[in-house]
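Topology and contacts: notes
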Amino acid sequence: MKEAGIIIVGSGLAALTAAYGLQRQRNVTIFTKKGLTDSNSWRAQGGVAAALAEADDWHAHLRDTMAAGRFHNDERMVELLVREGPQRLQAWISAGLEFDRDESGRLCFGLEGGHSRRRILHAGGDRTGRALVEFLRRQVDARIAEGEQVIDLVIENGRCVGVKTKRSDGVVSAWAAEAVIVATGGCAGLYALTSNAPTAVGDGIAMAYRAGAAVADMEFVQFHPTMLAVDGKAVGLISEAVRGEGAVLETEDGRRLMEGVHPLGDLAPRDVVARAIAAELDRGGRVVLNIAAVSNFRRRFPTIAALCDAHGVRLEDGRLPVVPGAHFLMGGIVVNEWGQTTVPGLYAVGEAACTGVHGANRLASNSLLEAIVFGNRVAQAIRRGIAWPEAMRQAVRRPDCRRPFAPSLPERTRLCERLSTEVGIVRDGERLRAAVGWLEQFSLSDWLDGDIEPLTAEQIETGYMLIAGWLVASSALRRRESRGIHYRSDVPYEDRAWQGRRLVRTREEWAWQAAGR
Ligand code: SIN
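Naming follows an unreviewed UniProt entry, where the protein appears as L-aspartate oxidase of Geobacillus subterraneus.

So this is what it looks like as structure tokens:
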């Protein structure tokens, strides 16, 4: 095995923040299966929520986060997020990070759904994620291996000691690491209609699950209400900041869609808005975003303007057709406040991790903040050598060497379609059972134990996608209530018995099933 120091898997904001916090202290190698511009962070239009405005405070940010998350959030972790976030951002602003300011040089604070105050910072209008990634890239001195896909985690004596990678030419390498950080993003890219980069398909989460790490809250996949719709397909995101600047949702005949639905109207939490749009589409209607009230649209939202131009949607008409698209996973690999997973030596951060801050529905613009706060915490934990708490240690079974089936490309496409129709915005037991049944045909337990090295990089990614899709669908089937974005028409209410109850999943459940056969 070659020595790689600290290994970070993935190259979005969480990965780069962790690398930034470790530099000059440790050798860091970042493996990323595509390139630095292929992450969700790079695409992020919306900003960073932080209580930095004079009229704001972290208590209000905490309350908004908990309310959007339907109180499924871990309040202790939310407090870390909203208290440390402003400090981290101030430090980066002092180091040269530029957020948008008004003519007198004061920071501009935008408004988005679920926020009771203007507290969203943007950079370059709607190019916030890209500005943050470029800022960190300039500072970080890690070795970055683009186009090298991590295909497996190496576990020895219950500890993660490295990774295996596969390059596009098929060469497999084994790397020894002092610690491994999974920062591969979420899995909303598993859906046919999605705002996500094609890389965000849950492979990092499934890989950690295969290695023995616990994952949780996988049923909570958030749908962004406004993706630009062209011929019924979602072609790109229209930031919620557009509604923050006065745009409103309308039906085809000009009726205000959100009137009377929620006190916050067009800026209601995302789950509420996405369901209202989905209901109108189900009735056979169309929904448009009326942008007549937004001044300087092109200057304020250059990415969205370019998206509309590229698809022949005329901004001058002032009505942009929209559909909801899968956007963000609130669940992921279970971690504590230092990003430590249940496998010693293995950390997770960003959307791949389940810190518990987002609960059942993420508050807008809290995800970049999470990447910054917890990316920094993981780096601190490694620098300070924070021990692995006993409560986070789990016995890990050693895989045997059966070779798993090789999933085909049409099956990958079918998976995305089935998740969209059967595990979408409105769910029910019957469709969830159909999705789980279809996924379980694929001998997933063989996948968890098998030798996957001989497969192609694409087949390996598809196998992990099936595992991630199965975790989403089966968790949604098990949660017999509606909460936040998880809405079941057969149990359309929050059940107090489920409040704060987290569905934690480990590969041991396969061992129990096998024993019972
Ligand atoms: C948006 O700009 O609407 C997306 C930002 C986010 O998901 O927080």
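**Section: the environment of V140**
Structurally, V140 can be placed in the loop between α5 (128–139) and β6 (143–146). Owing to a relative accessible area of 6%, V140 belongs among the buried residues under this scheme. With 116 residues separating them in the primary sequence, V140 and R24 have C-alpha atoms 9.5 Å apart. The residues touching V140, leaving out its near neighbours within four places in the chain, are L16, A19, Y20 and Q23.

**Brief notes about the pattern of salt bridges**
Opposite charge on two side chains permits pairing when their charged atoms draw close. What the rule picks out here adds up to 41 salt bridges. R118 serves as the salt-bridge partner of E245, at 3.2 Å between the closest nitrogen and oxygen. Within this pair, whereas E245 is found in the loop between α7 (241–244) and β14 (248–251), its partner R118 is found in the loop between α4 (75–94) and β5 (120–121), the two being separated by 127 residues in sequence. Each of R70, E219, R479, E481, R483 and E494 takes part in one network of salt bridges that share partners.

**With respect to the environment of S443**
Secondary-structure assignment places S443 in the loop between α13 (429–440) and α14 (444–449). Assessed through its relative accessible area of 32%, S443 is described here as partly exposed. In this structure the C-alpha to C-alpha distance between S443 and D495, which are 52 residues apart in sequence, comes to 33 Å.

**Thoughts on empty space enclosed by the protein**
Summed over the entire model, instances satisfying the criterion amount to 2 cavities of 30 Å³ or more. Lining the largest cavity are F223, D271, A274, R275, I425 and I485. When residues of the lining of the largest cavity are assigned to their parent elements, the largest contribution, 3 residues, is made by helix α8 (residues 270–282). Residue composition of the lining of the largest cavity, grouped by class: 4 nonpolar, no polar and 2 charged. For the second largest cavity, the calculated volume is near 30 Å³. Together, A68, G113, G114, E240, P269, R270, N361, R362, L363 and A364 line the second largest cavity. A class-by-class count of the residues in the lining of the second largest cavity yields 4 nonpolar, 3 polar and 3 charged.

**Let's talk about the site of the ligand**
G46, H224, L237, S239, E240, R270, H327, R362, A364 and S365 make up every residue found near the ligand. R270 has a polar side-chain atom sitting 2.9 Å from an oxygen atom of the ligand. At a separation of 2.6 Å, an oxygen atom of the ligand approaches a polar backbone atom of S365. Taking 260 Å² as the accessible area of the ligand by itself, protein coverage stands at 94%. Of the residues assigned to the shell around the ligand, the class counts are 2 nonpolar, 5 polar and 3 charged.

**Observations concerning the UniProt feature "domain: FAD-dependent oxidoreductase 2 FAD-binding" (unreviewed entry) in the protein**
The feature "domain: FAD-dependent oxidoreductase 2 FAD-binding" (unreviewed entry), as annotated in UniProt, sits at residues 6–368 in this numbering. For residues 6–368, the helix share is 27%, the strand share is 24%, and the end-to-end C-alpha distance is 23 Å.

**Description of α4**
Between its first and last C-alpha, α4 extends 29 Å over 20 residues, near the 28 Å set by a 1.5 Å rise per residue. Of all the bends in α4, the greatest reaches close to 35° and is centred on E84; the proline P86 follows between one and four positions later. G96, located one to two residues past α4, shows a positive phi value of around 115°.

**Comments concerning the environment of G375**
Among the structural elements, G375 can be located in helix α11 (residues 367–384). In this structure, the C-alpha to C-alpha distance between G375 and T17, residues 358 residues apart in sequence, is 5.1 Å. When residues no more than four places from it in sequence are discounted, the contact partners of G375 are A14, T17, A18, V349 and E370.

**Here's the deal with the packing of aromatic side chains**
The description of two aromatic rings rests on the distance between their centres and on the angle between their planes. Under the defined criterion, the tally for this structure stands at 8 aromatic pairs. Plain terms: the ring middles of Y20 and W92 are 5.9 Å apart, the flat faces sit at 90° to each other, and that makes the pair edge-to-face. Here W92 lies in helix α4 and Y20 lies in helix α1 (residues 13–22), a separation of 72 residues in the sequence. Each ring, one from W447 and one from Y464, has its centre 5.7 Å from the other, and the planes form 85°; the classification is edge-to-face. Pair noted here: W447 is in helix α14 and Y464 is in helix α15 (residues 457–478), with a separation of 17 residues, a long-range link. With respect to class, W447 is no different from Y464; both count as buried. Linked through ring pairs, Y20, W92 and F135 together constitute an aromatic cluster. The residue whose ring lies beneath R377 is W338, and the NZ or CZ to ring-centre distance is 4.5 Å. Sitting over the ring of W470, R505 keeps its end group 4.9 Å from the ring centre.

**Some details on the sheet that holds strand β10 (residues 179–182)**
An order of β6-β3-β2-β10-β18 is seen for the 5 strands of this open sheet, with the pairing classed as parallel. Lying at the two open borders of the sheet, with one neighbouring strand each, are β6 and β18 (346–348). The average undirected angle you get between the axes of adjacent strands in this sheet is 20°. Taken together, the 4 bridges between strand β2 (residues 6–9) and strand β3 (residues 28–32) define a ladder with parallel strand orientation. Within β3, the residue paired with I6 across the bridge is V28. Against the sheet, α11 touches β2, β10 and β18, its axis set at about 155° to β18.

What counts, and where the lines are drawn
- Think of each chain on its own: its residues are numbered from 1, step by step along the sequence as written.
- Totals for whole chains, interfaces and linings use all residues, but because this is a predicted model, local features are given only for residues with pLDDT of at least 70 and pairs of side-chain atoms are given and counted only at 80 or more.
- The side-chain quantities take in all heavy atoms of the structure and omit both hydrogens and water.
- Only DSSP runs of H or I reaching four residues or more are called helices, and only runs of E reaching two or more are called strands; each is numbered from the N terminus.
- Burial classes follow relative accessibility: with a 1.4 Å probe on protein chains only, a residue under 20% of its type's maximum area counts as buried, one over 50% as exposed, and anything between as partly exposed.
- Should any heavy atoms of two residues lie within 4.5 Å, those residues are counted as being in contact.
- A side-chain nitrogen of Lys or Arg and a carboxyl oxygen of Asp or Glu constitute a salt bridge if their distance falls within 4 Å.
- Points on a 1 Å grid over protein atoms alone make up a cavity when a 1.4 Å probe fits among them but cannot get out, and a pocket when they form an open set with protein on both sides within 12 Å along at least five of seven lines; lining residues each have an atom within 4 Å of a point.
- Grid points are joined across faces, edges and corners, and a volume is the space filled by probe spheres set on the points.
- Residues are sorted three ways: Asp, Glu, Lys and Arg are charged, Ala, Val, Leu, Ile, Met, Phe, Trp, Tyr, Cys and Pro are nonpolar, and all the rest, Gly among them, are polar.
- Note on definitions. A residue lies near a molecule or strand when any single heavy atom of the residue is within 4 Å of it.
- Under this definition, polar contacts are N or O atom pairs within 3.5 Å; protein pairs additionally need one hydrogen-donor-capable and one acceptor-capable atom, and for neighbouring residues in sequence, both atoms have to be side-chain atoms.
- Residue exposure ignores everything except the shown protein chains as possible cover, and the areas themselves are Shrake-Rupley values with a 1.4 Å probe.
- UniProt positions are given in the numbering used here, feature names are shortened, and annotations may be inferred rather than shown by experiment.
- Expected span of a helix: the number of residues minus one, times 1.5 Å.
- The angle separating two fitted axes, one through the seven residues that finish at a residue and one through the seven that start at it, defines the bend at that residue.
- Ring pairs are drawn from Phe, Tyr and Trp, using the six-membered ring of Trp, whenever the two centres fall within 6.5 Å, and their geometry is named by plane angle: stacked under 30 degrees, edge-to-face over 60, tilted for the rest.
- A ring has a charge above it when a Lys NZ or an Arg CZ is no more than 6 Å from the ring centre and no more than 35 degrees off the ring normal.
- Here, any two strands with at least 2 DSSP bridges between them count as paired.
- Here an axis means a line fitted to C-alpha atoms, over the contact stretch when the element is a helix, while the angle between two N-to-C directions is reported on a 0 to 180 degree scale.

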